[in-house]
Amino acid sequence: MEKFFEKITSGGTDFLIDLIVSLLILVVGFKIVGMLEKSFKKEHKFSKLDPSVKSFIVSFIIIGLKVLLCIMALTNLGVPSATIVTLFGSCALAVGLALQGGLSNLAGGLMILIFKPFKVGDYIKSNNYEGTVKSITMFYTCLVSIDNKVLQLPNGNLSNSEITNYTMNKFRMLDINVSVSYDSDIKKVKKVLSDIANNYDLILKDKDINIRLKEMADSSLIFIFRAWVNTKDYWIAYYDIIELIKETLDKNKIEIPYPQMDIHMKK
């Protein structure tokens, strides 16, 4: 370290040249790292890796390369290797103590990659946040909501929270309650709903279709409409079936009850 300070005080011109070279190493190196990051993120890179693992590894490599560039710049200035190692070790310890949440996020990211509660492309919900997983980096998981908002969720919190994964399984069940008037013919209602299920293309006919009277509520009979669809078709099928049920019940003159109030006035 003494030689380094002697170089600063005695060799002004040489030190200035080394300083310029070190700055060039950082500027040019960071640009190259940025280009590599864009290249790594292209689909044909790491094509055999799971997208979730890919984004985590890319994030790790980029941070490692930037640290390596800083070490190269300091070495070029004449800073001894032992001093650099000690410096980075001290910085890492200080940052680790100051930013324990960051270490928690790193550990959370590893837990997500190991246990795979979700992967890139899945639609998940955690606490009050939901969206499609865009990437899983060292510290954060990025979600894109239905209305195209970008959500950055800390991996530490996410790995310790309840997670609902809506797209992990290939099939999902449509589970719809249908309310009709007490005056309705039960067999007729079941036949109408069964015809809807059997004639709708996106409903899987090789899986159980369950249409039964579920409950005799205060002002209506409640039927369950349960059928299976491919996960990718769930929301299309859900809204289509809701519309078809309303249209078909109206066509068959089956009343859909709604809240009513009778008022009796005394003279």
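Going by the structure above, here's the rest.
Residues numbered from 1 in each chain as written. Predicted model: local features only at pLDDT ≥ 70, side-chain atom pairs only at ≥ 80, totals over all residues. Heavy atoms only, no water.

Enquirer: Would you mind going over the environment of Gly78 with me for this structure?
Expert: Tracing the chain through its elements places Gly78 in the loop between α3 (51-76) and α4 (81-98). In the structure, Gly78 is positioned 60 residues away from Asp18 in sequence and 8.6 Å away in space, judged by C-alpha atoms. (Helix = DSSP H or I, 4+ residues; strand = E, 2+ residues; numbered from the N terminus.)

Enquirer: Please explain the sheet that holds strand β1 (residues 123-126) as it appears in this structure.
Expert: Strand-to-strand pairing in sheets goes through backbone hydrogen bonds, with the strands running parallel or antiparallel. With antiparallel pairing, the five strands of this open sheet are ordered in space as β4-β3-β2-β1-β5. The strands lining the two open edges of the sheet, one partner per strand, are β4 (150-154) and β5 (163-165). The sheet shows a mean angle of 40 degrees between the axes of neighbouring strands, direction not considered. Bridge analysis of β1 against strand β2 (residues 129-136) gives four bridges, and the strand direction is antiparallel. Directly across from Ile124, in β2, lies its bridge partner Gly131. (Pairing = 2+ DSSP bridges. Axes fitted to C-alpha atoms, helices over the stretch in contact; angles between N-to-C directions.)

Enquirer: I would appreciate a short explanation of the pattern of salt bridges in the present structure.
Expert: Two side chains bearing opposite charge may form a pair once their charged atoms approach each other closely. Under the criterion given, the structure shown has six salt bridges. For Arg226, the salt bridge identified is with Asp175, shortest N-O distance 3.1 Å. With Arg226 in strand β8 (residues 221-230) and Asp175 in strand β6 (residues 171-180), the pair connects residues that are 51 residues apart, well separated along the chain. Take Arg226: its relative accessible area is 28%, and that puts it in the partly exposed class. The exposure class of Asp175 is partly exposed, given its relative accessible area of 40%. One salt bridge in this structure joins Asp195 and Lys191, with 3.0 Å as the shortest N-O distance. Of this pair, Asp195 and Lys191 both sit in helix α7 (residues 186-199), separated by four residues, roughly a single helical turn. Taking the relative accessible area as the measure of exposure, Lys191 reaches 54% and is therefore exposed. (Salt bridge = Lys/Arg side-chain N within 4 Å of Asp/Glu carboxyl O. Buried < 20%, exposed > 50% of the residue type's maximum accessible area, 1.4 Å probe, protein only.)

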